[in-house]
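# Structure at a glance
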Amino acid sequence: MEKVRCLIIGSGPAGYTAAIYAARANLSPVLYEGVLPGGQLTTTTEIENFPGYPEGISGAEMMEDLRKQAIRFGTDVRFGIVTKAELIPNKSIITIDGEKEVEATTVIISTGASAKYLGLPDEAKYAGMGVSACATCDGFFYRNKEVIVVGGGDTACEDAMYLSRLCKKVYLAVRKDKLRASKVMQSRVFNNDKIEILFKHEVIGLFGENGVEGANLLKNRGEVNQEEYSIPVDGLFLAIGHHPNSDLFKEYLNLDEQGYIVTLGCTPQTNISSVFAAGDVADPRYRQAITAAASGCKAAIEAERYLIEEGL
Ligand code: NDP
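Scoring rules and cut-offs
- Residues numbered from 1 in each chain as written.
- Predicted model: local features only at pLDDT ≥ 70, side-chain atom pairs only at ≥ 80, totals over all residues.
- Heavy atoms only, no water.
- Core = buried A, V, L, I, M, F, W, Y, C linked by side-chain atoms within 4.5 Å.
- Buried < 20%, exposed > 50% of the residue type's maximum accessible area, 1.4 Å probe, protein only.
- Helix = DSSP H or I, 4+ residues; strand = E, 2+ residues; numbered from the N terminus.
- Contact = heavy atoms within 4.5 Å.
- Near = heavy atom within 4 Å.
- Polar contact = N/O pair within 3.5 Å; in protein donor to acceptor, adjacent residues only side chain to side chain.
- Areas by Shrake-Rupley, 256 points an atom, 1.4 Å probe, with all protein chains shown as cover.
- Axes fitted to C-alpha atoms, helices over the stretch in contact; angles between N-to-C directions.
- Left-handed = near helix turned anticlockwise from the far one by under 90°.
- Nonpolar A, V, L, I, M, F, W, Y, C, P; charged D, E, K, R; others polar.
- Domains from an automatic or database assignment.
- Buried area = accessible area lost by both parts, 1.4 Å probe.
- Patch = residues over 30% accessible without salt bridge, like charges linked within 9 Å, V, L, I, M, F, W, Y side chains within 5 Å.
- Salt bridge = Lys/Arg side-chain N within 4 Å of Asp/Glu carboxyl O.
- Lys, Arg positive; Asp, Glu negative; His and termini not counted.
- Charge placed at Lys NZ, Arg CZ, Asp CG, Glu CD.
- Disulfide = S-S within 2.5 Å.
- Pairing = 2+ DSSP bridges.

Right, let's get into the nonpolar core. The biggest cluster of nonpolar side chains holds 30 residues, and the ones touching the most others in it are Ile8 and Ile108. Mapped by element, the contributors of at least two residues to this core are β1 (2–9), α1 (13–24), α2 (59–72) and α7 (289–309). For this core, the element with the most residues is α7, which contributes eight residues. If near-sequence neighbours (up to four positions away) are discounted, Ile108 is found in contact with Cys6, Leu7, Ile8, Ile9, Ala18, Phe276, Ala278, Ala299, Ala300 and Ala303.

The full set close to the ligand counts 19 residues, and Asn49, Gly152, Asp154, Thr155 and Arg180 are the nearest of them. Between Glu158 and the ligand, the recorded distance is 3.4 Å, taken from a side-chain N or O atom to a nitrogen atom. Arg175 places a polar side-chain atom, nitrogen or oxygen, 2.9 Å from an oxygen atom of the ligand. Computed on the free molecule, the ligand has an accessible area of 910 Å², of which 78% lies beneath the protein chains in the complex.

Moving on: the packing of helix α5 (residues 154–164) against helix α6 (residues 183–190). Two elements in contact, α5 and α6, have axes whose closest approach is 9 Å; the angle formed by their N-to-C orientations is 35 degrees. Remark: the crossing between α5 and α6 carries left-handed chirality. Here Asp154, Cys157, Glu158, Ala160 and Met161 of α5 lie close against α6, whose contacting residues are Met185, Arg188 and Val189. Grouping the constituent residues of the contact of α5 with α6 by class yields five nonpolar, no polar and three charged.

Before going further, it helps to examine the domain arrangement of the chain. Taken domain by domain, the chain consists of domain 1 (2–114 + 242–310) and domain 2 (117–238). On a C-alpha basis, the centroid separation for the pair domain 1 and domain 2 is 32 Å. With five residues of domain 1 at the interface, the matching set in domain 2 holds six residues. Around 470 Å² of area is buried between domain 1 and domain 2 when both sides are counted, 46% of it from carbon and sulfur atoms.

Moving on to the environment of Val149. By secondary structure assignment, the location of Val149 is in strand β11 (residues 146–150). With 145 residues separating them in the primary sequence, Val149 and Val4 have C-alpha atoms 44 Å apart. With residues up to four places along the chain from it excluded, the contact list for Val149 reads Ala156, Asp159, Ala160, Leu163, Val170, Tyr171, Leu172, Ala173, Phe237 and Ala239.

Once that is clear, we can look at a negative patch on the surface. On the surface, Glu46, Glu61, Glu64 and Asp65 cluster together into a patch of negative charge. It is α2 that contributes the most residues to the negative patch, three residues altogether. By the element assignment, Glu61 lies in helix α2. Residue class for Glu61 comes out partly exposed when judged on its relative accessible area of 47%.

Another point: the state of the cysteines. Across all of its chains, the model carries zero disulfides by this definition. Of the cysteine sulfurs around Cys6, a residue in no disulfide, the closest is that of Cys297, at 13 Å. Residue Cys6 is classed as buried on the basis of its relative accessible area, which comes to 0%. No disulfide involves Cys167; its sulfur sits 13 Å from the nearest other cysteine sulfur, which is in Cys134. The buried category is assigned to Cys167, whose relative accessible area is 1%.

The subject of this paragraph is the sheet that holds strand β12 (residues 169–174). Taken together, the five strands give an open sheet; going across it, the order is β10-β17-β11-β12-β13, and neighbouring strands pair in parallel fashion. Edge strands, defined here as strands with exactly one partner in the open sheet, are β10 (131–132) and β13 (195–199). Bridge count between β11 and strand β17 (residues 235–238): four bridges; the pairing is parallel. Looking at the pairing, Val150 lines up with Leu238 of β17.

Structure follows, in structure tokens:
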């Protein structure tokens with residue numbers, strides 16, 4: 001079985017930053033990119049708040065740069081999805097694509113988070129036929145059409161802005177009477193003529209013969225003026241947050257009630273001495289590219305210290 005000193009799972013800002021630090025510390029890291037090489041940022045448009053890019057940078061471009069930087073210092077970046085993980089101090093057994101097994105002395109988990117869905121049967125019924133959780137991936141298919149975005153956070157606002165550049169009209173369904181997004185994002189959607197914000201609205205169903213032709217909405221849930229009605233739309237975009245990709249590790253690691261990996265204080269240390277967690281999979285609070293990158297750095301430093309202290 002192949003043995004590696006430092007195995008990194010996931011290729012977002014946390015994984016690549018861990019790889020850069022681990023490679024420069026001569027840990028000969030191997031990084032498996034996972035289901036979405038480059039992670040969630042490859043599905044975002046412009047990153048405007050990462051220090052060092054005064055003009056902003058596209059998510060895909062930044063991730064490609066991080067990948068190149070990791071490779072430059074000797075990281076072995078591989079295609080492959082981790083399908084099983086037996087986390088054991090100093091000798092975790094990680095299975096790739098259901099076949100290959102790798103023994104890892106230290107493991108850095110940076111598997112990120114995935115988009116949440118509302119849980120409506122219609123989301124499954126119209127999957128790939130008008131339902132999407134990635135505006136930048138699928139927005140192109142809705143040029144000059146009408147769509148509805150669900151959510152009131154930064155992602156929802158960013159998605160609504162992105163779609164407004166392609167679509168004829170964008171509804172933004174917000175379940176509360178206010179947005180949770182940052183003030184700058186709020187003012188952008190408020191000032192966009194193509195976006196109509198539907199406060200206190202929930203999408204409760206979809207209809208259409210061959211794909212989505214409209215959405216059923218519930219307005220003012222639980223109030224005397226509660227009302228149900230439908231609007232014609234060609235697509236539904238979910239932007240209601242994410243859940244951490246920690247399922248593979250739940251047998252071994254302490255998770256919080258939402259499934260985030262619990263780490264020790266402000267360190268990336270998990271309950272297994274040789275296993276570290278970085279980025280969104282362990283961060284219910286900040287979930288930013290810059291904080292993910294920082295925690296990847298910490299994880300690599302901890303892995304290096306661990307190897308030295310244990311004489312491994
Ligand atoms: P958030 O958790 O911030 O927001 C989720 C939104 O979805 C909330 O408005 C929430 O409503 C709503 N929601 C959740 N569940 C449901 C449901 N079942 N039905 C209807 N609405 C629902 O997630 P985001 O993905 O927007 O952002 C995550 C983090 O990433 C944040 O820290 C954000 O600031 C950051 N981010 C930053 C960006 C940037 O700076 N450019 C871009 C994108 C994200 P409610 O408010 O009622 O709970």
